[in-house]
Amino acid sequence: MKMLSLLVVLPLIGAFLIPAIARISVSIAKFIGPLILLYLLSITMPAFMELQSGQSSAIHFAGFLPPYGIAFYIDELSLLFANIILIAFLMVWPWNKNNFSDNHSEIREYSLYLLLLAASSGLVLSSDLFNLYVFYELLAVASYGLIAKQPKIEGIASAASFRYLLLSASGSVLLLLGIALIYSLTGTLNIAHLSSVANESLNTFAGVAAFLLILIGIGVKAEMFPVNSWVPEVYGVISRPLSALFAGLISKIAVLFIAKVLLMVYQQDSILTMILFIGVLGVLTGELIAYRARDMVRMLSFSSIAQLGLVFTALAIPGKTGLYIAVAFMLHHLVVKSALFFLSEKMHSNHEHLKGLYHQSPFIVILFIFLILSLLGIPPFPGFWIKLNLVLNLSTITYGNVAIAIVLLATVIEAAYLFTLVKKMLANDESNKQIAYQTGYQSSYLFAVLLAIILLVSTFNISSLSKSIENMANNTN
Amino acid sequence: MSKFSTLIFISGLSFLLIVITAQLPIAHPPMLIGQYIIDHAVQDTGVTNIVTSVVLAYRGLDTLGELAILFTAASGVGLLLSNKLNTKLQPSTKTVRLSNSNFIIEHALNLLFPLLLVVGFYVIFHGHLTPGGGFQGGVIIASAFFLNILAKPYKSSDSEIESTHNNLTIIESLSGVTFIAIGLYALISGHDFLEPFLSHGQLGSLWSAGTLPFLYIAVGLKVGAELSSLLITLYDIDSEELTD
């Protein structure tokens, strides 16, 4: 179990080493990243298999027991995400690089990917608020570097990435402020320890304000309702695999952070209602703007905001049930949205130019339809069962009925714009045939197919899958 | 309109913060962890500067994270500026560098440079005994090198800068690896990652506190090299654009 701390340590050592090794041999430096990923996968996979249901353990650092030292908390959920992170990074690793003129930038980019990996693993595993902040900051700084270096950056695009930097940096400040407030109110940072003192010391105005600050701070990365204006801008300028990573994985990691704090420390009615409002507003605004979008990437970005809104809505359901539905939503969105972003590399980004895609490449359109059917929640695909569960459980909480109405309305809007797009793709338009289909990287296409197969398999195993996710959520503490 | 809404936002936020801070238990903070560390730090880690025991032992992983953030920021800046360089300038277009600085500045520098290095290393080596440590000492060392560039801009040729950059990259990388390697050694020998080993020694002497001084030396070198190379990168861009 102790070896799992390598999940954070090895990528860091790799990132530090790569620039020095590149001075000796660039080709050796290129292989460090994938080797680290594969080695870590060979540790986490067996650890995940061996972990009995309901079993959990803690990794201590520097030989001090929590709450005095930092601890990583290992349970099924965090190990599952640790595995997903490694697989996702293997997928988006910059294997085919041809947009770099010199080796220097390429090497730096490998370092940044490894740092992003270390930060993501740390965020999933750590159970100490300040340690989580450090990893969050590392994640943020690494993502500025990766976004800003994109070759498409110029003019408006670099303004977009600068706005992202400002928004994200002010989010970090608010997050730090929230954590500082919690520390000055309670005197501890360990989340498990906090949950034991939360009732007496965090049930105040200042305690709730601290949670709000944390929520807004993390919300920037989680694409939460008021602070998500960067999403379409940034996804528009970065490469599609990187968009898949940010929309699919990084946003979920941020939500997990919020879920950890919410579930362990802040199970108060007023806060849950607030989360419900934020989630529902996110769903509504996301779908409405996606409806107006005439561009593939913008549409996918706003639909991603709406899906994250659904996750927040699910978190508003108190206790383990909320976590179960939220985790199911996250896993579903992770598969579907990453697949859609990978797939979109094969399509023209403008909707009007997508006419007649079906006659050019029927398989891509079929794949696209399959993915959006599940995204919408059409039976019998996994998305349907999750949404059904959400609606059934929402009816039991305050304002739940309003939330149900809005979620269903948003689904109608989503169906409207997605099916309009599909209709365009199926149309028989000779003039557009040549531009609708783009030759992107074959690997992206392959990953899209792979993710769709995962979705298809889970459609047939839906009952056993939902049971194991439910167990996972119940055993989290 | 946007200025007005910014004003409303800022005043709302500051009002909120004032209300919140008024509720905080100022001067009587709850000391759940703080008291434990104050009571146990000296016997747990063998340092006389308790801050060091928190930075390197109790929260060593955070320090590693901070080092990584600094490294990330430096690589990000390097990535951006090197992209800019490639598209903008060919190295051959450079002709003149900045003008000479005067006699007084140059000699003051020659006097200051060794002093700054000594102070920097003193602060790093005594981090476990007196206030200061790797981060502070590292910045002092970086400032020594940067003064050098400020005072004698014309003296460094392209190849010199290139080789300094190379050396800095290697120092940076090796010191980061040293920090992690000390932690990994503890992990491999059956302890936790970053657990201090070696004996605590005589309390208050230079050679004490187990591995903590070594960790601080690694931190100091890394911070110093990182900041120096960041400054050199920035300087390099500036002086080249001046020749445009």
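Scoring rules and cut-offs
- Residue indices follow the written sequence of each chain, beginning from 1 at its first position.
- Following the order in which they are written, the chains are lettered starting with A and the ligands numbered starting with 1.
- The model is predicted, so local features are restricted to residues of pLDDT at least 70 and side-chain atom pairs to those at 80 or more, both for listing and for counting; the totals for chains, interfaces and linings are taken over all residues.
- Note that water and hydrogens are dropped before the side-chain values are worked out from all heavy atoms of the structure.
- Strands are runs of DSSP state E lasting at least two residues, helices are runs of H or I lasting at least four, and both sets are numbered from the N terminus onward.
- Contact criterion: two residues are considered in contact whenever any of their non-hydrogen atoms come within 4.5 Å of each other.
- Under the convention used here, a 1.4 Å probe and the Shrake-Rupley method define accessible areas, while residue burial counts only the protein chains that appear.
- Computation of the radius of gyration draws on C-alpha atoms alone. For the globule rule, the value is 2.2 Å times the number of residues to the power 0.38.
- A simple rule labels every residue: compare its accessible area, found with a 1.4 Å probe on the protein chains alone, to the largest value its type can have, and call it buried under 20%, exposed over 50%, or partly exposed in between.
- In plain words, nonpolar cores are sets of buried Ala, Val, Leu, Ile, Met, Phe, Trp, Tyr and Cys residues tied together by side-chain atoms within 4.5 Å.
- Values labelled buried area give the accessible surface lost by two parts on being combined, using a 1.4 Å probe and summing over both.
- Each reported salt bridge corresponds to a side-chain nitrogen of Lys or Arg within 4 Å of a carboxyl oxygen of Asp or Glu.
- Distance and chemistry together define a polar contact, namely a pair of N or O atoms within 3.5 Å, with one atom able to donate a hydrogen and the other to accept it when in protein, and with adjacent residues in sequence counting only for side-chain atoms on both sides.
- Side-chain classes follow a simple rule in which Ala, Val, Leu, Ile, Met, Phe, Trp, Tyr, Cys and Pro form the nonpolar group, Asp, Glu, Lys and Arg form the charged group, and the remainder, Gly included, forms the polar group.
- Here a Phe, Tyr or Trp ring, Trp counted by its six-membered ring, pairs with any other such ring whose centre lies within 6.5 Å, and the pair is stacked when the planes are under 30 degrees apart, edge-to-face when over 60, and tilted otherwise.
- In this scheme, Lys NZ or Arg CZ marks a charge over a ring once it lies within 6 Å of the ring centre and within 35 degrees of the ring normal.
- By convention here, the domain bounds are inherited from an automatic or database domain assignment.
- In this analysis an axis means a line fitted to C-alpha atoms, helices contributing only their contacting stretch, and an angle means the value between N-to-C directions, from 0 to 180 degrees.
- Every angle not falling under 35 degrees, over 145, or within 65 to 115 is termed oblique; those three ranges are roughly parallel, roughly antiparallel and roughly perpendicular.
- Should the near helix be turned counterclockwise from the far one by less than a right angle, the crossing is left-handed, whereas a clockwise turn marks it as right-handed.
- Cavity means a closed set of points on a 1 Å grid over the protein atoms alone, one where a 1.4 Å probe fits but cannot get out, pocket means an open set with protein on both sides within 12 Å along at least 5 of 7 lines, and lining means a residue has an atom within 4 Å of a point.
- Grid points are joined across faces, edges and corners, and a volume is the space filled by probe spheres set on the points.

## Section: the overall build of chain B
In step 1: For chain B, the count of helices and strands is eight helices and zero strands.
In step 2: Listing every helix and strand of chain B by position from the N terminus yields α-α-α-α-α-α-α-α.
In step 3: Excluding contacts between residues fewer than 6 apart, the proportion of contacts in chain B whose partners are at least 24 apart in sequence is 73%.
In step 4: With an accessible surface of roughly 12,500 Å², chain B has 71% of that area assigned to carbon and sulfur atoms.

## Some details on the overall build of chain A
In step 1: Each helix and strand counted, chain A has 20 helices and two strands in total.
In step 2: In summary, chain A has a C-alpha radius of gyration of 22 Å against a globular reference of 23 Å for 477 residues, a match within 12%.
In step 3: In terms of its C-alpha atoms, chain A occupies a principal-axis envelope of roughly 70 × 65 × 45 Å.
In step 4: In chain A, buried positions account for 64% of the 477 residues.
In step 5: Sequence-distant contacts in chain A: of pairs separated by 6 or more residues, those separated by 24 or more amount to 80%.
In step 6: Of the roughly 16,600 Å² of accessible surface on chain A, 66% is carried by carbon and sulfur atoms.

## Details of the nonpolar core
In step 1: Counting 230 residues, the largest nonpolar core has L129(A), Y235(A), F368(A) and F193(B) as the members making the most contacts within it.
In step 2: Aside from chain neighbours lying at most four places away, what touches L129(A) is I179(A), I182(A), L189(A), I191(A), L194(A), F257(A) and V261(A).
In step 3: By size, the runner-up hydrophobic cluster in this structure holds six residues, among which are L168(B), A225(B), I232(B) and Y235(B).

## A look at the interface of chain A and chain B
In step 1: With 57 residues of chain A at the interface, the matching set in chain B holds 52 residues.
In step 2: Of the roughly 5,000 Å² buried where chain A meets chain B, counting both sides, 74% is carbon and sulfur surface.
In step 3: As a salt-bridge pair, D128(A) and R59(B) come within 2.4 Å of each other at their nearest N and O atoms.
In step 4: Between the two partners, chain A and chain B, sit nine residue pairs in polar contact (both at pLDDT 80 or more).
In step 5: Mapped by element, the contributors of at least two residues to the side of chain A that touches chain B are α1 (6-24), α4 (103-125), α5 (129-148), α6 (156-186), α7 (191-201) and α8 (205-219) of chain A.
In step 6: Broken down by class, the residue content of the side of chain A that touches chain B amounts to 35 nonpolar, 14 polar and eight charged.

## Re unusual backbone geometry
In step 1: The omega torsion of the bond from P66(A) to P67(A) falls at 5°, within 30 degrees of zero and hence cis.
In step 2: Mapping P67(A) onto the fold places it in the loop between β1 (57-60) and β2 (71-74).
In step 3: Between P379(A) and P380(A) the backbone carries a cis peptide bond, its omega angle lying at 5°.
In step 4: Summarising the element assignment, P380(A) is placed in the loop between α15 (362-376) and α16 (382-394).
In step 5: If you check the backbone angles, L194(B) has positive phi at about 70° while not being a glycine.
In step 6: Here L194(B) is to be found in the loop between α7 (158-188) and α8 (212-242).

## Let's talk about the packing of aromatic side chains
In step 1: Inspection of every chain in the model, using the stated rule, returns 22 aromatic pairs over all chains.
In step 2: On the basis of an interplanar angle of 85° and a centroid distance of 5.1 Å, the ring pair of F16(A) and F71(B) is categorised as edge-to-face. Residue F16(A) is located in helix α1, and its partner F71(B) is located in helix α4 (residues 60-88); the two belong to separate chains.
In step 3: Aromatic side chains W93(A) and Y113(A) sit 5.7 Å apart centroid to centroid with 50° between the ring planes, which places their arrangement in the tilted category. Of this pair, W93(A) sits in the loop between α3 (76-92) and α4 while Y113(A) sits in helix α4; the two residues are 20 residues apart in sequence, bridging distant segments of the chain. By the burial criterion, W93(A) is buried, and Y113(A) matches it.
In step 4: Connected via pairs of aromatic rings, a cluster forms that spans Y144(A), Y164(A), W230(A), Y235(A) and F341(A).
In step 5: Its guanidinium or amino end placed over the ring of F16(A), K222(B) lies 4.1 Å from that ring's centre, counting from NZ or CZ.

## Side note on the environment of A22(B)
In step 1: Here A22(B) is to be found in helix α1 (residues 2-23).
In step 2: Separated by 177 residues in sequence, A22(B) and S199(B) have C-alpha atoms that sit 46 Å apart.

## Observations concerning the domain arrangement of chain A
It is common to give the size of an interface as the accessible area that goes away when the parts come together.
Residue and element names in this part refer to chain A.
In step 1: Considered domain by domain, chain A is made up of domain 1 (1-125) and domain 2 (126-474).
In step 2: Facing 35 residues of domain 1, the contacting portion of domain 2 comprises 38 residues.
In step 3: Carbon and sulfur atoms supply 79% of the area that domain 1 and domain 2 bury against each other, a total of about 3,300 Å² over both sides.
In step 4: The tally of links from domain 1 across to domain 2 stands at zero salt bridges.

## Describing the packing of α8(A) against helix α10 (residues 240-264) of chain A
All names here are of chain A.
In step 1: Here α8 crosses α10 at 165°, and the two axes come no closer than 9 Å. The angle between the axes of α8 and α10 places the two elements in the roughly antiparallel class. Regarding α8 and α10, the two cross each other, and that crossing is left-handed. Packed against α8, whose contacting residues are F211, I214, L215, I218 and G219, the element α10 presents A254, F257, I258, V261 and L262 at the interface.
In step 2: Classifying every residue of the contact of α8 with α10 by side-chain character gives nine nonpolar, one polar and no charged.

## Thoughts on empty space enclosed by the protein
Residue and element names in this part refer to chain A.
In step 1: Across all of its chains, the model carries two cavities of 30 Å³ or more by this definition.
In step 2: The wall of the second largest cavity is formed by Q307, F329, H332, S374, L375, L376, G377, G383 and K387.
In step 3: Sorting elements by how many residues they give to the lining of the second largest cavity places α15 first, with three residues.
In step 4: Looking at the lining of the second largest cavity, its residues break down into three nonpolar, five polar and one charged.

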